[in-house]
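# Structural features, examined
Chain by chain, the residues run as shown.
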Amino acid sequence: MDKLKIAGGYPLKGTIRVSGAKNSAVALIPATILADSPVTIEGLPDISDVGLLKGLLEEIGGDVQFTDGEMTIDPRSMVSMPLPNGKVKRLRASYYLMGAMLGRFKKAVIGLPGGCYLGPRPIDQHIKGFEALGAHVTNEQGAIYLRADELRGARIYLDVVSVGATINIMLAAVRAKGQTIIENAAKEPEIIDVATLLTNMGAKIKGAGTDVIRIDGVEKLSGCRHTIIPDRIEAGTFIIMAAAVGEGVLIDNVIPQHLESLIAKLREMGVNVETRDDQIFVSPGDRLKAVDIKTLVYPGFATDLQQPFTAFLTKATGSSVVTDTIYGARFKHIDELRRMNANIKVEGRSAIITGPVQLQGAKVKASDLRAGAALVIAGLMAEGITEITGVDHIDRGYSHLEDKLSGLGATIWREEMTEEELEQLKSS
């Protein structure tokens with residue numbers, strides 16, 4: 001297992017390219033199960049979650065080729081093999097296998113999902129949708145069993161806005177008989193991306209990106225070629241890095257409209273942000289002002305950018321309040337930032353950051369993916385060396401992060417952890 005080391009104080013300058021969207025990739029790859037011929041997805045990020053999904057599709061009989069960001073999946077030999085544990089336990093988005101396998105095989109056995117622990121993230125809305133479509137769902141010995149004689153379209157109202165449930169119900173409904181209407185659907189760009197792939201495969205979907213999605217079931221879906229959208233969370237992370245320690249950074253391969261809430265807050269703080277067709281240029285402001293943010297479902301401020309933004313706010317003058325309405329447990333990075341001299345306190349679902357302070361390098365641990373990104377930003381801002389363990393979390397969502405940041409002038413590298421360090425990490 002590796003640790004990441006960063007020598008702070010080196011300014012970033014130049015161009016950095018954003019990879020394909022992780023949150024799309026983990027749904028697009030399972031969606032290919034529904035096709036009756038090969039599907040090719042271009043622009044996939046080289047991250048561990050994509051590798052895990054490739055392995056899972058191969059476990060159920062798929063022929064999967066993955067080279068230079070392009071994955072071709074031949075689903076014709078796939079079978080409804082139970083996937084009760086193993087790779088499933090390491091991947092939060094493994095739940096998309098439920099909808100895809102239910103849609104194709106009318107049955108599935110999938111272990112309860114893993115990934116980053118951010119407090120309770122129940123899949124009750126997913127199950128509600130599957131049952132409305134005619135599936136019988138049970139939880140047996142830590143795995144979800146789904147069985148249906150046939151799937152029939154239904155009107156489904158989501159009690160909470162859920163990206164995962166919206167996509168999962170879409171996956172099951174595209175091959176159901178009749179029309180399915182999903183009300184109070186999530187609107188994230190990744191949902192539109194998945195709907196675009198399914199439509200290219202022959203599905204009939206209207207309203208993706210709005211709060212009402214209508215799906216007319218079809219008997220078969222065919223292979224196609226699809227290009228994934230850029231990762232708005234990776235782009236946002238790079239934008240925050242550029243605002244924190246940049247001397248003029250161009251973020252390439254980005255859709256600025258996906259980041260309007262972040263850009264608005266940065267401009268409110270005094271950061272110079274210039275948007276172009278598929279690029280964003282960021283240069284530092286003279287004096288950063290404290291701001292308050294509240295995470296909301298899209299198009300509001302993304303919860304996945306809350307942790308990176310919290311690290312950046314330690315540079316702002318005054319007190320900022322960050323409230324996470326999506327995941328109340330998403331403040332595990334705060335204790336680590338405090339180790340680095342941050343002045344932050346947590347009250348319920350809010351963190352109060354008082355600045356500016358000069359962060360100091362320290363030994364810290366990434367508890368989840370976006371906490372890891374926050375600590376990388378903190379390390380870039382800090383005086384001295386920052387050492388980050390839990391790098392496996394970062395690798396779930398950021399492709400070739402050290403190479404990209406080194407290209408901008410950062411001093412960042414990996415080292416293998418010693419046996420003693422591994423034992424300390426396990427016991428912490």
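Thresholds applied
Residues numbered from 1 in each chain as written. Predicted model: local features only at pLDDT ≥ 70, side-chain atom pairs only at ≥ 80, totals over all residues. Heavy atoms only, no water. Buried < 20%, exposed > 50% of the residue type's maximum accessible area, 1.4 Å probe, protein only. Helix = DSSP H or I, 4+ residues; strand = E, 2+ residues; numbered from the N terminus. Arc of directions from axis to C-beta. Contact = heavy atoms within 4.5 Å. Salt bridge = Lys/Arg side-chain N within 4 Å of Asp/Glu carboxyl O. pLDDT = per-residue confidence, 0-100. Phe/Tyr/Trp six-rings, centres within 6.5 Å; stacked < 30°, edge-to-face > 60°.

On to helix α8 (residues 260-269). Those residues of α8 that sit buried are L262, I263, K265, L266 and M269. What you see down the axis of α8 is that its buried residues fit within an arc of 165 degrees, all on one side. The secondary structure elements touched by the buried residues of α8 are α7 (232-245), β15 (272-275), β16 (279-283), β17 (293-295) and α9 (306-312).

Within the structure shown, the criterion is met by 29 salt bridges. A salt bridge links E421 to K3, with the nearest nitrogen and oxygen atoms 2.7 Å apart. Placement of the pair is E421 in helix α14 (residues 419-427) and K3 in strand β1 (residues 2-7), with a sequence separation of 418 residues. The salt bridge partner of E234 is K404, with a shortest N-O separation of 3.3 Å. You can see E234 sitting in helix α7 and its partner K404 sitting in helix α13 (residues 401-406), a full 170 residues away along the chain.

Here we take up the confidence of the model for the protein chain. Looking at the protein chain as a whole, its pLDDT mean stands at 94, while 98% of the residues score no less than 70. Contacts of residues 115-120 to residues separated by more than four positions or lying in other chains number 16 contacts, the stretch itself having pLDDT below 50.

Counting across every chain of the model gives three aromatic pairs. Ring geometry for Y95 and Y96: centres 4.8 Å apart, planes at 90 degrees, overall edge-to-face. The interplanar angle of 70 degrees and the centroid separation of 5.3 Å between the aromatic rings of F301 and F309 together place this pair among those described as edge-to-face. Here F301 and F309 have matching classes, each one buried. Ring pairing ties together the aromatic residues F301, F309 and F312, which thus form one cluster.

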